[in-house]
Every structure is written in C-alpha cells, then in structure tokens.
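# Notes for the structure review
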Amino acid sequence: MRERIVGFAIKRPRVTLAALALVTLAFGIQLPKMKSDTDPKHMLPATSPVRVYNDKMEAWFGLHANVIVLGIVNRDGVLNPATLERVARITDQVLRIQGVIARDVASFTTSDDVLARGDSLYARHLMEEVPRTPAQLAAFRKALYENPMLVERLISKDGTATAIYIPIEATANGREIADRIRAVIATEHGPERYYLAGDPVARDTFGAEMFRQMALFSPIAGLVMFLALLLMFRSLTVVGTYMAVAMASVIWSMGALIGLGLPVHIMSSMIPVFLMAISTDTVHIFNEFFFRFPETQEKRSAILQTMRVVASPVILTDLTTAAGFASLAAGHIIPVRVFGLFVAFGTLAILLMSFTLVPAVMALMKEEKLSGLLGKEERTQGPTVRWLQSLGRVAIHGHRAVMAGGLILVVLAIWGITLIRVNNNMVTWFKPHSELREADRIMNDLLGGTATAYLVAVARDADAMNRPEVLRYLEGLQRDLEGLPEVGKTTSLANLVKRINRVMHRNDPRFEAIPDSDRAVAQYLLLLSMAAKPSDLNSLVDYSAQQANIWLQLKTWDAVAMGAVMDRVGAYTRTHPLPGVEFKPAGIAYFNKVWNDEVLWGMVHGFLLSLVLVFFLMVADFRSLRWGAVAFIPLIFTILLIYGFVGFVGKDFDMPISVLSTLSLGLAVDFAIHFVRRFQQRYRQDPDLERALLWTVVRPGRGIVRNAGLFALGFSVMVFADLTPYITVGAFVAAIMLLSSVATLLYLPALVRMFPSLARSPTPGDSPPLPAVSNQPGVENPSPRANR
C-alpha cells in the first residue's frame with residue numbers, strides 16, 4: 001500500500017501537492033472560528049462532584065466564584081485623609097464598572113459596622129464620610145481594629161494596606177475588568193501603590209497572554225529552525241518541505257478541533273508546539289535521500305530506496321507517538337482527551353505527508369540541482385561525522401564504562417524523582433517579577449491572603465449552628481487551622497456571634513465570646529438579619545442554621561496548601577470529634593486542589609498507560625521482546641534523568657511538566673526506533689557487529705543529531721517568553737531532544753556490544769537492497785552506475 005502511495009506521489013507530484021493544499025485549505029478556513037476557554041474549572045466535567053458541590057454551596061451562601069482583590073498600600077499608613085479619599089473615589093468608580101457585582105463589593109465605604117441601640121442592632125457603613133480631624137481618624141481606627149473580622153481583611157495589622165474585594169459576574173472577563181480598574185487608579189496621584197490580584201485576574205490574563213506568546217514565539221522558533229535547516233541542507237526546497245509538513249499538520253489538527261466546535265483550552269493551545277516537535281520525519285527522509293542519490297545517480301531510484309529504507313522506522317515512530325497521545329483519551333478530563341486525540345491526529349497527518357508531500361517534492365527537484373547541493377553536503381569527512389565516529393567508538397570499545405556510568409545516573413535520577421512534589425499554582429505561571437506575581441506576593445504578606453477556600457460544617461439537625469458548643473467547636477477548629485503557615489485568616493459564624501455579643505454589651509471586650517444559650521445566639525442572628533445587609537449573615541450560615549461556612553484566606557494558590565488544610569481538618573476532627581457534624585471543603589482553592597489531583601495525576605496515569613502501549617507496539621513491530629526492550633531503554637533513561645533533575649532543582653510537577661511526559665515518549669522513541677531498524681537492516685548486510693554498529697551511529701545517527709540540534713535550537717528561544725509554562729516547554733523540549741539523541745547513540749550501541757546475542761536474535765522485517773559495504777563507517781562504496 002505504501003509503495004503505491006509513494007509511487008503515485010512520484011508519478012504525479014503536482015496532483016499530490018494540489019490535493020494536499022486543498023485539504024489544508026479546508027481545515028484552514030475553520031481557524032477564524034476559534035473560541036478560547038481558559039477557565040481551569042472547565043478542565044473538569046460539568047458533572048464533576050467538586051463543580052456540582054461548589055455551585056450548590058455558592059447558591060446556599062450567596063457567594064461569588066470570581067473575586068478580584070485590589071490592594072492599596074501606603075508605607076506611611078493608609079489611615080490618613082488623602083489616602084482614604086482616594087479609596088472612596090476608587091470604590092465609587094469600581095461600582096460603576098459593567099460586570100462588577102456592585103451590591104457585594106467590600107471596602108471601607110461599602111462594608112457595614114454593626115452597632116447597638118438599646119436592645120436592637122443597626123448597621124452603618126464603616127466610612128460614611130472621609131474622616132479628616134484627628135478625633136475622627138482615631139475613631140475610625142478604633143472601629144477597624146476592635147473588629148477582628150476586619151483586621152487582615154480590610155486593614156493590615158500594621159495599617160499600611162487596605163483592600164477592595166470586587167466580585168464579578170460569571171461571564172465577565174477578569175482581565176478586561178482589571179484593565180478598567182487600572183484605568184481608574186491611573187487617574188489617582190499620590191504615594192499609594194496599587195496591586196491587582198485574585199483568580200479571575202490570573203486566569204484571564206494568562207489566557208490572553210497565552211495566545212500572544214504563541215503568536216510571538218511560534219514564528220521566531222520557526223525562523224530559527226528555518227535558518228538551522230538551511231545551514232544543514234543548503235536547500236530552500238528541503239527547508240520549505242519541512243516547514244510545509246509542520247504547518248500543514250498544525251492547520252489540520254487545529255482546524256479539525258475548531259471545526260468540531262471545540263474551544264481552545266490551556267492544554268490544546270500547546271498542540272502546535274507539540275506537532276512542531278514531532279514532525280521530525282522530513283529530516284530523517286532527506287538525510288537518507290542525500291546519501292542515496294550519489295549512490296544511484298538516478299533520482300527516482302534514490303527516492304524509492306530512501307522511502308523503502310525509512311518506511312518502517314517512520315511508520316512505527318509515528319504510530320507509537322500517536323498511540324501514546326491517543327491513550328490520554330482514556331481519562332475523564334475532557335481537555336486532556338481533546339489534547340491527546342488531536343495531537344494524535346496531527347501525528348498521523350505528519351505520517352501521511354511523509355509518504356506523499358515529501359516524495360512529491362523530491363520528485364520535482366532537478367537532478368543537476370541535486371548534484372550541486374550534494375557537492376556542498378558534508379557526507380564523510382565533516383566535523384559532525386568525525387564526532388559521531390568518535391562517539392560510536394567510545395560506545396563500542398568502552399561499553400562497560402558507558403553502561404556503568406548510565407547506571408549511576410539512573411540511580412541518582414530515581415533519588416531525584418522521590419523529591420518531586422506534585423503541585424499546581426496558576427500564579428507561578430507568571431515570572432517572579434511580573435505585575436501579577438508581585439501583587440499576589442505583597443497582598444499575601446500584608447493581608448490574610450488572596451486564595452479563598454471554604455469549609456462547610458454540615459449538621460444532621462436544623463438549628464444546630466445556634467448551639468454554643470457547635471460554635472465553640474468552629475472557633476477551636478479555626479484557631480487550629482490558623483496555626484498553618486499557609487492559612488492567613490479564617491472567619492465564621494462564631495466570629496460574628498462573638499462580635500454581636502460584644503456590641504450588645506456596650507462594646508466591652510470581656511464579652512468578645514460566644515454566649516451560653518441557644519436562645520441568645522438565635523436572637524442575635526435575628527437582630528442582625530433585620531439590621532445588616534443579607535450577605536453579612538447569609539455568607540456564613542444558611543436559613544435553617546443547619547450549615548455554617550468557615551471562610552479561609554490562604555497565603556498561596558499552591559494546591560498542596562489546600563491539601564495541608566484538609567489534612568489538618570481531618571486530624572482535628574479525629575482527635576476532637578463532634579457528633580452529628582461533618583466538614584466539607586469547597587471554594588476555588590479547593591477546586592484547584594481537586595484539579596491538581598485529577599488532571600495532573602490523570603496525566604501521569606495516561607502517560608504510564610502510554611508507556612505500556614508503546615512498549616507492546618514496539619515488541620509487536622519488532623516481533624521480538626528483546627528488541628522492544630532495547631529500543632525502550634533511551635526512552636526510560638531520558639524520562640528518568642529529566643524528572644530526576646526536576647526533583648533535585650525543586651521544580652514542582654505541574655501541568656506544563658506533565659504534558660511534556662508524553663512528548664518525551666514520542667521524541668525518545670523516534671530516535672530509538674530509527675537506530676534499531678537501521679542497525680537491523682545493516683547487520684543483515686554486514687555481519688561484522690562493530691562495523692554495523694559504527695555505521696548506524698554515523699549514518700542514521702547524523703539524521704538523529706540533526707533532528708535533535710534543530711529542535712533544541714528552535715525551542716530554546718521560548719526561554720525568553722513571559723509565561724513560565726512556555727519557558728518550561730522550551731527548556732525541556734531542548735533537553736529531551738539532546739538527551740534522548742545522546743542516549744540513543746551512546747547506550748544502544750554499548751548495550752548491543754555488551755550483549756552480542758541481541759544482534760543475532762531473529763527480527764523479521766524489511767531488508768531493502770543496500771549498496772556494497774565500505775570498511776569506513778558512514779562511507780558507502782560507489783554504486784556500479786557511479787563507476788561507469
């Protein structure tokens with residue numbers, strides 16, 4: 001079948017190219033329909049228990065999933081007339097921004113202070129007008145710091161910072177509203193510094209920057225690879241062919257995704273990067289063709305021989321890579337499924353074009369031009385060949401030392417892997433000195449924390465939350481949680497009841513305590529419900545007093561921080577059981593923890609499944625368990641070293657690292673399959689083991705080195721990106737390429753030399769006619785036609 005496809009492409013190259021161009025155009029016209037979705041919530045299905053419970057919990061307590069925090073810092077103190085005037089003006093302007101839920105904005109001018117009048121309560125805004133006299137400022141300061149619920153939420157302990165909490169509608173874009181807030185604060189002039197933080201700002205800013213970075217660095221990476229290919233092959237035709245295959249595969253894959261009505265998520269936005277790294281077939285094919293043509297001196301024969309020789313490794317490489325990515329669809333995370341399936345589709349598109357577009361282009365190349373190009377091509381005496389010959393001799397003659405060194409590296413890598421922490425934090429996807437990262441750090445230092453989580457106390461009986469012993473239990477649990485360094489502040493119904501009790505007793509600090517009777521608690525809550533905004537009470541307890549909500553402000557968005565909170569809750573409830581009451585976590589910080597566990601661990605499980613699947617595919621294709629295991633070694637070696645390094649440098653195993661796992665599988669397998677297949681072919685022609693190994697290191701190895709160097713160079717430009725996931729992808733793709741190529745060319749020949757019986761194991765497969773064997777590795781004897 002493949003011979004017919006190649007034969008048609010050679011016979012009718014223009015028809016082949018025109019057909020491929022039409023298909024690419026059909027996919028390409030779908031691209032303008034692209035819709036993006038960067039909300040991490042949508043990484044989990046709508047039926048996911050955490051999403052369902054979060055939605056219910058927000059409805060019960062009137063909470064908002066998306067809250068922007070505007071920090072206002074004055075190192076000389078914010079409690080002065082000028083700063084407070086600015087806070088009032090900014091709050092007033094923020095309330096008018098479309099998409100802001102104005103009724104629940106919390107600041108000095110919108111938050112209530114509850115006071116007593118006889119036996120009743122009444123509420124007034126904390127700052128009804130800006131205090132200007134020393135007496136007014138002193139009274140305002142006293143009102144703030146006597147209320148523990150406000151300290152570290154609306155005012156920092158040292159008085160240098162305040163915050164405005166700005167809930168936004170579910171359909172609003174966090175970055176766009178943040179930009180409008182920036183326009184408001186830009187009109188203010190003074191010593192204050194302003195900081196915008198919160199999940200919607202990080203999420204939507206990352207979404208916008210993600211596409212901007214892709215639009216900027218993809219062409220730069222393409223240009224670098226273009227120049228590198230031009231330097232390698234000295235032919236615009238070769239370079240153009242590679243670029244055409246890579247770009248067409250991206251257009252096919254993304255066009256199909258968009259055409260099916262699927263949005264581009266955070267993960268699927270990286271499909272073009274992965275397909276560019278996978279599209280290595282063209283380099284292997286042209287590398288072999290530039291050897292074959294001088295041997296045959298006839299273009300059609302050289303193309304057919306080239307495609308026959310590279311067919312098996314190219315097909316096996318692309319099928320195993322596609323299978324590895326497609327196996328991600330076995331999980332239940334929809335964006336991960338989409339990512340895996342469409343990278344697999346793009347890989348199969350690369351395979352198709354390797355047997356159609358590439359031979360069609362070769363068929364259109366003029367023979368006299370080819371002869372000129374090959375005159376410039378370094379084939380036998382260049383520095384790359386000499387370096388490969390030296391590397392091959394080291395691997396073959398020093399095989400014991402090479403294998404011993406490899407085992408030491410593996411042991412160290414396994415040790416490093418044990419140090420890895422599985423964690424995710426979207427804020428850290430921005431550089432340390434970026435505006436958003438700096439804002440998050442400063443707000444966490446000065447106030448309770450920008451990451452919000454909830455702990456819902458659920459009782460069996462109605463009115464349970466009116467019982468003093470339950471409220472005291474909540475208070476004890478809060479104090480215990482506040483002992484964690486990750487927890488900055490907690491607020492619950494217990495705090496509110498204590499505050500009301502104090503207010504009802506002439507603001508006497510001795511009554512900052514929970515009253516002893518259910519009736520007193522119920523009466524206080526009734527009085528408050530008649531005096532204050534509904535949200536002041538509803539956000540902490542439901543109507544039946546059967547559920548209460550503990551607000552948690554965390555100092556970090558790390559998923560492991562929420563994990564520590566849950567562990568602490570579990571430990572406290574085991575040692576201090578409260579019959580009839582259980583605690584359920586919720587909120588965006590908890591969602592991030594579940595997202596971390598399900599998506600990242602799902603990626604790990606998918607990757608392990610990919611490893612097993614790829615191994616059995618290689619065993620089936622080689623028809624040999626031993627050769628399947630041998631070809632698997634560079635992959636395992638590369639993965640162990642890469643992730644051992646991750647553990648030693650303290651880098652979290654996060655989403656960018658997890659998606660690189662499957663990519664490393666495709667790249668390392670590519671080189672190993674090409675090496676093993678070409679060695680098998682050569683050894684059947686030349687049964688001298690060392691000479692066959694050295695030939696394989698030099699000739700197919702040159703294509704491997706070219707591929708590795710090309711992609712390492714191209715992807716290294718991404719280390720200059722503004723988003724750390726792209727920096728990680730760029731650095732790790734370069735490392736994976738270089739490491740897997742060296743592992744293939746150093747450890748495979750050393751292993752075969754150490755166990756010669758491997759070479760003699762039966763390996764049925766293609767055995768295309770090869771030129772006569774030269775005693776010099778990497779050099780072919782001239783063909784009979786060349787001698788005439």
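Residues numbered from 1 in each chain as written. Predicted model: local features only at pLDDT ≥ 70, side-chain atom pairs only at ≥ 80, totals over all residues. Heavy atoms only, no water.

### Overview of the sheet that holds strand E8 (residues 547–554)
Here we have four strands laid out as an open sheet, ordered E7-E8-E6-E9, and antiparallel in their pairing. Here the strands that pair on one side only, and so sit at the sheet edges, are strand E7 (487–491) and strand E9 (581–586). Recorded for the sheet is a direction-independent mean angle of 25° between the axes of neighbouring strands. In terms of strand pairing, strand E6 (residues 451–459) meets E9 through six bridges, oriented antiparallel. Pairing of Ala459 across the sheet is with Val581, part of E9. Lying over the sheet, helix H22 (residues 559–575) contacts E6, E7, E8 and E9, oriented at roughly 180° with respect to E9. (Pairing = 2+ DSSP bridges. Helix = DSSP H or I, 4+ residues; strand = E, 2+ residues; numbered from the N terminus. Axes fitted to C-alpha atoms, helices over the stretch in contact; angles between N-to-C directions. Contact = heavy atoms within 4.5 Å.)

### Looking at the environment of Lys157
Residue position: Lys157 is located in the loop between helix H5 (134–145) and strand E4 (161–167). Among the residues examined, Lys157 registers a relative accessible area of 60% and is labelled exposed. In the structure, Lys157 is positioned 289 residues away from Leu446 in sequence and 7.6 Å away in space, judged by C-alpha atoms. Lys157 has contacts with Tyr145, Val151, Glu152 and Leu446, leaving out every residue within four places of it along the chain. (Buried < 20%, exposed > 50% of the residue type's maximum accessible area, 1.4 Å probe, protein only.)

### Quick look at the nonpolar core
Nonpolar side chains in soluble globular proteins generally cluster together in the buried interior. One finds Leu70, Phe108, Ile166 and Phe583 to be the most contacted residues of the largest nonpolar core, which totals 270 residues. Beyond its immediate sequence surroundings of up to four residues, Leu70 is in contact with Ile90, Thr162, Ala163, Ile164, Ile166, Ile181, Ile185, Tyr194, Tyr195 and Leu196. (Core = buried A, V, L, I, M, F, W, Y, C linked by side-chain atoms within 4.5 Å.)

### Quick word on the confidence of the model for the protein chain
Of all residues in the protein chain, 94% have pLDDT values of 70 or greater, and the mean over the chain is 87. Note that residues 764–788 has pLDDT below 50 and, in this model, 65 contacts with residues that lie over four places away or in other chains. (pLDDT = per-residue confidence, 0-100.)

### Describing the sheet that holds strand E5 (residues 193–197)
Reading across from one edge, E4-E1-E5 is the order of the three strands in this open sheet, with antiparallel pairing throughout. A strand with exactly one partner marks an edge of an open sheet, and here the two such strands are E4 and E5. Going from strand to strand, the sheet's axes swing by 20° on average, the running direction of each strand aside. As paired elements, strand E1 (residues 67–73) and E4 share seven bridges and run antiparallel to each other.

### Re the packing of aromatic side chains
Enumeration according to the criterion identifies 23 aromatic pairs in this entry. On the basis of an interplanar angle of 80° and a centroid distance of 5.4 Å, the ring pair of Tyr454 and Trp551 is categorised as edge-to-face. With a gap of 97 residues between them, Tyr454 in strand E6 and Trp551 in strand E8 connect regions that are remote in the sequence. Of the two residues examined, Tyr454 and Trp551, each falls in the buried class. (Phe/Tyr/Trp six-rings, centres within 6.5 Å; stacked < 30°, edge-to-face > 60°.)

### Things to note about the environment of Ile333
Relative to the helices and strands, Ile333 is located in the loop between helix H11 (299–326) and helix H12 (334–354). Each C-alpha atom of the pair Ile333 and Ala138 lies 55 Å from the other, and the pair is 195 residues apart in sequence. Contact partners of Ile333, with chain neighbours within four places excluded, come to Met43, Leu44, Glu598 and Val599.

### Some thoughts on the packing of helix H19 (residues 493–504) against helix H20 (residues 518–531)
Relative to each other, H19 and H20 sit at 85°, their axes nearing to 10 Å. Classified by the interaxial angle, the pair formed by H19 and H20 is roughly perpendicular. Along the contact surface, H19 presents Leu493, Leu496, Val497, Ile500, Asn501 and Met504, while H20 presents Val521, Tyr524, Leu525, Leu527 and Leu528. Among the residues making up the contact of H19 with H20, the classes are represented as ten nonpolar, one polar and no charged. (Parallel < 35°, antiparallel > 145°, perpendicular 65-115°, else oblique. Nonpolar A, V, L, I, M, F, W, Y, C, P; charged D, E, K, R; others polar.)

### Focus on the side chain of Ser327
Of note, Ser327 is situated in the loop between H11 and H12. Residue classification places Ser327 among the buried positions, given a relative accessible area of 7%. There is a polar contact of 2.5 Å between the side chain of Ser327 and the backbone oxygen of Gly324. When neighbours within four sequence positions are excluded, Ser327 is seen to be in contact with Gly606, Leu609, Ser610 and Leu613. (Polar contact = N/O pair within 3.5 Å; in protein donor to acceptor, adjacent residues only side chain to side chain.)

### Re the domain arrangement of the protein chain
According to the domain assignment, the protein chain contains domain 1 (1–33 + 234–376), domain 2 (60–203), domain 3 (384–418 + 589–773) and domain 4 (442–588). For domain 3 versus domain 4, the separation of C-alpha centres amounts to 54 Å. Tallying the contact residues gives six residues for domain 3 and twelve residues for domain 4. Each partner contributes to the roughly 760 Å² buried at the junction of domain 3 and domain 4, and carbon and sulfur atoms together form 68% of this total. The largest contributions to the domain 3 side of the interface with domain 4 come from Ala589, Tyr590 and Lys593, which together make up 71% of the buried area. Where domain 3 meets domain 4, there are zero salt bridges. At the junction of domain 3 with domain 4, the criterion picks out seven residue pairs in polar contact (both at pLDDT 80 or more). (Domains from an automatic or database assignment. Buried area = accessible area lost by both parts, 1.4 Å probe. Salt bridge = Lys/Arg side-chain N within 4 Å of Asp/Glu carboxyl O.)

### Re the pairing of E4
For E4, the tally of buried residues reaches seven of seven residues, placing the bulk of the element in the interior. Along E4, one buried face is formed by Ala161, Ala163, Tyr165 and Pro167 and the opposite face, lined by Thr162, Ile164 and Ile166, is buried too.

### A few points about the pattern of salt bridges
All chains considered together, the criterion is met by 35 salt bridges. The closest approach of N and O atoms between Arg2 and Glu3, which form a salt bridge, is 3.9 Å. The exposure class assigned to Arg2 is partly exposed, which follows from its relative accessible area of 27%. In this structure, Arg89 and Glu85 form a salt bridge, with 3.9 Å as the shortest nitrogen-oxygen distance. Here Arg89 pairs with Glu85, and both are found in helix H4 (residues 81–94), just four residues apart, close to one helical turn. According to the relative accessible area criterion, Arg89 is partly exposed, its value standing at 36%. The class for Glu85 is partly exposed, based on a relative accessible area of 22%.

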